[in-house]
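Structural description and commentary
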Amino acid sequence: MNNVWWQTKGEGDCHLVLLHGWGLNAQVWDCITPELSAHFTLHLVDLPGFGRSRDFGAMSLDAMVEHVLAQAPEQAVWLGWSLGGLVASQIALTHPQRVQALVTVASSPCFCAQDDWAGIKPEILAGFQQQLSEDFQRTVERFLALQTLGTESARQDARALKSTVLSLPMPTVDALNGGLEILKTADLRQALTSLDKPFLRLYGRLDGLVPRKVVPVLDALWPQSESYLFAKAAHAPFISHPDEFCQVIREFADAKI
């Protein structure tokens, strides 16, 4: 089996696995790893097909879970951003013995909008899939730009995301399409009602991909979880508000682990 790229930093008693979002790689966490590695043993992962884990094509959510778990510590707090939040959530559902707590960041259990659910319009995701075959670097850059719209530091944050992508070879079109397919089809809303692990959900009030109106809906659906809304953040609160983000993570771990 091919291995995913994996790096460990820090020597804290608590293990924290960080899973990035679509199109990106583990270097997206560079702005917070110095602070978090002082408190945790960090496990930085390039998801299968992305960054330095390039020897993978398109795969299902379950297949991605199995590849990531193969190198994971026996127990950890799992933190997933966006697409990485779906991977972390599925790990918590299918391998709860490996999960001390779950943290999702600007992630939705169902990214695709439906009649009774706010999300990304299906035609937008389908459009990205079509455009990938025509000009996939520009398509990825457009998707990244959507993630920072509306914040005071939007241009700076978009540059940070873009530099993370360009710092390593681009993912293949197959891997990018596979990730979009997961975003289009995954729906963990009901499954996560049974999760009995400490569960923290972090959101940006200005997020255009995971609308803030889902927050109270999930508060009611998952009363065992906690939510936190970054007032001036969009889809990447750890980039726009790193100090506040790290404080929230530390306080959650101190209280729950």
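In case you missed it, the structure is sitting above this.
Residues numbered from 1 in each chain as written. Predicted model: local features only at pLDDT ≥ 70, side-chain atom pairs only at ≥ 80, totals over all residues. Heavy atoms only, no water.

We now examine empty space enclosed by the protein. All chains considered together, the criterion is met by 1 cavity of 30 Å³ or more. Estimated volume of the largest cavity: approximately 60 Å³. (1 Å grid on protein atoms, 1.4 Å probe; cavity = no way out; pocket = protein on both sides within 12 Å on 5 of 7 lines; lining within 4 Å. Points joined across faces, edges and corners; volume = space filled by probe spheres on them.)

Before going further, it helps to spend a moment on helix α4 (residues 122–146). For α4, with 25 residues, the first-to-last C-alpha span of 16 Å runs short of the 36 Å given by 1.5 Å per residue. If you look at α4, its biggest bend is around 135 degrees, right at Asp-135. All buried positions along α4 are accounted for by Leu-125, Gly-127, Phe-128, Gln-129, Leu-132, Thr-139, Val-140, Phe-143 and Leu-144. (Helix = DSSP H or I, 4+ residues; strand = E, 2+ residues; numbered from the N terminus. Expected span 1.5 Å × (residues − 1). Bend = angle between axes of the 7 residues up to and from the residue. Buried < 20%, exposed > 50% of the residue type's maximum accessible area, 1.4 Å probe, protein only.)

Another aspect to go through is the environment of Leu-192. For Leu-192, the position within the fold is in the loop between α6 (173–185) and β6 (199–204). Residue class for Leu-192 comes out buried when judged on its relative accessible area of 1%. For the pair Leu-192 and Leu-93, spaced 99 residues apart in the sequence, the C-alpha separation amounts to 7.2 Å. Excluding residues within four positions of it along the chain, Leu-192 makes contact with Ser-89, Leu-93, Pro-109, Trp-222 and Gln-224. (Contact = heavy atoms within 4.5 Å.)

Time to look at the side chain of His-95. Note on placement: His-95 falls in the loop between α3 (83–94) and β5 (99–105). If near-sequence neighbours (up to four positions away) are discounted, His-95 is found in contact with Val-65, Glu-66, Leu-69 and Gln-90.

Here we take up the environment of Val-140. When you line up the elements, Val-140 lands in helix α4. Residues Val-140 and Leu-176, 36 residues apart in the sequence, show an inter-C-alpha distance of 8.8 Å. When neighbours within four sequence positions are excluded, Val-140 is seen to be in contact with Trp-22, Leu-132, Val-165, Met-170 and Leu-176.

It is at 9 Å that the axes of helix α2 (residues 61–69) and α3 come closest, and there the two elements cross at 80 degrees. With respect to α3, the axis of α2 lies roughly perpendicular. Contact residues: α2 offers Leu-61, Asp-62, Met-64, Val-65, Val-68 and Leu-69, while α3 offers Leu-86, Val-87, Gln-90, Ile-91 and Thr-94. Among the residues forming the contact of α2 with α3, the class breakdown is 8 nonpolar, 2 polar and 1 charged. (Axes fitted to C-alpha atoms, helices over the stretch in contact; angles between N-to-C directions. Parallel < 35°, antiparallel > 145°, perpendicular 65-115°, else oblique. Nonpolar A, V, L, I, M, F, W, Y, C, P; charged D, E, K, R; others polar.)

In this section: the pairing of strand β4 (residues 76–81). Counting buried positions along β4 yields 6 of 6 residues, so the element is predominantly enclosed. Side chains Ala-76, Trp-78 and Gly-80 of β4 all project onto a buried face; the interleaved residues Val-77, Leu-79 and Trp-81 project onto the opposite face, where all are buried too. Of the pairings in the sheet, the one linking strand β2 (residues 14–19) to β4 comprises 4 bridges and is parallel in character. Along β4, the bridge assignment pairs Leu-16 with Val-77. (Pairing = 2+ DSSP bridges.)

In terms of burial, β2 is a largely internal element, 5 of the 6 residues being buried. Sheet analysis places β2 next to strand β3 (residues 40–45), joined by 6 bridges and oriented parallel. Bridge assignment links Leu-16 to a residue of β3, and that residue is Leu-42.

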